[in-house]
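# Descriptive analysis of the structure
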Amino acid sequence: KAHLESINAEFEEVSFHKIHVGDELLDAVFSMMNQKAEEKHIQLEVKGRIENRKQYNSYELCTIFSNAIRNAIEACEKLGSSGPICVSIMEEKTLYCTVENPATEEMYRQIQLEETSKADKENHGYGVGNIRRAVKRLNGELEYHYKDGIIKLEIYI
């Protein structure tokens, strides 16, 4: 009985999204990324909401945010930082999203060159490219900035 209650509690934890941005697929991605961040004692903050979700391809947005947050979690891990990783979503005439996280200038340089710091370069280092391709498929633009130990990804769609 205790085992079944444990399984049920874990199922409820995963089933009910903690983060709500107005799109069920994105809610699932953000909630999953939040769980990964919490496991590593990293703070993830997500603010904002998508009102016109039918206007955007949820699959592409999931690709963008899952890769961006995964990269941010890895940066925090390398730095021994608890974050925060800050995601902001604003929608007016266009969708404007940002992802900010602690980083180094070297990490920023690797993003600019789409390089990976991992030893297995053939199987890693695709996250930034995936983000760029997804933004392009949505006819959007993106920019990375670095200032005072923070990398900021800005996306306009």
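Our subject is the structure that appears above.
This section reports on the structure supplied with the text. Being a predicted model, the structure only gives us computed values, none of them experimental.

## Description of helix H4 (residues 105–113)
- For H4, the full list of buried residues reads Met-107, Gln-110 and Ile-111. Buried residues along H4 cover an arc of 100 degrees about the axis, so they all sit on one side.
- Positive phi shows up at Glu-114, right after H4, with a value of about 50 degrees.

## Observations concerning the state of the cysteines
- One pass over the full model with this rule turns up 0 disulfides.
- Of the cysteine sulfurs around Cys-86, a residue in no disulfide, the closest is that of Cys-76, at 9.6 Å.

## Considering the packing of aromatic side chains
- Under the definition given, this model contains 3 aromatic pairs.
- Measuring from centroid to centroid gives 5.0 Å for Phe-30 and Phe-65, while their planes differ by 55 degrees, and the two rings are tilted. Note that Phe-30 is positioned in helix H2 (residues 24–39) and Phe-65 in helix H3 (residues 58–79), a separation of 35 residues in sequence. Each member of the pair, Phe-30 together with Phe-65, is buried.

## Let's talk about the environment of Glu-105
- As for its position among the elements, Glu-105 is in helix H4.
- For the pair Glu-105 and Tyr-146, spaced 41 residues apart in sequence, the C-alpha separation works out to 7.1 Å.

## Some thoughts on the packing of H3 against helix H5 (residues 127–137)
- Two numbers describe how H3 lies on H5: the axes approach to 9 Å, and their chain directions differ by 150 degrees. Classified by the angle their axes make, H3 and H5 are roughly antiparallel. Crossing of H3 against H5: the hand is left-handed. Contact with H3, carried on its side by Glu-60, Thr-63, Ile-64, Asn-67, Ala-68 and Asn-71, involves Gly-127, Val-128, Asn-130, Ile-131, Ala-134, Val-135 and Arg-137 of H5 and no other residues of that element.
- Counted by class, the contact of H3 with H5 contains 6 nonpolar, 5 polar and 2 charged residues.

## Topic: the nonpolar core
- Formed by 41 residues in total, the largest nonpolar core has its most connected members in Phe-30, Leu-61, Ile-64 and Ile-89.
- Here the element with the most residues in this core is H3; it accounts for 10 residues.
- Beyond its immediate sequence surroundings of up to four residues, Leu-61 is in contact with Leu-26, Ile-50, Tyr-56, Leu-95, Leu-138 and Ile-157.

How each quantity is defined
Residues numbered from 1 in each chain as written. Predicted model: local features only at pLDDT ≥ 70, side-chain atom pairs only at ≥ 80, totals over all residues. Heavy atoms only, no water. Buried < 20%, exposed > 50% of the residue type's maximum accessible area, 1.4 Å probe, protein only. Helix = DSSP H or I, 4+ residues; strand = E, 2+ residues; numbered from the N terminus. Arc of directions from axis to C-beta. Disulfide = S-S within 2.5 Å. Phe/Tyr/Trp six-rings, centres within 6.5 Å; stacked < 30°, edge-to-face > 60°. Axes fitted to C-alpha atoms, helices over the stretch in contact; angles between N-to-C directions. Parallel < 35°, antiparallel > 145°, perpendicular 65-115°, else oblique. Left-handed = near helix turned anticlockwise from the far one by under 90°. Contact = heavy atoms within 4.5 Å. Nonpolar A, V, L, I, M, F, W, Y, C, P; charged D, E, K, R; others polar. Core = buried A, V, L, I, M, F, W, Y, C linked by side-chain atoms within 4.5 Å.

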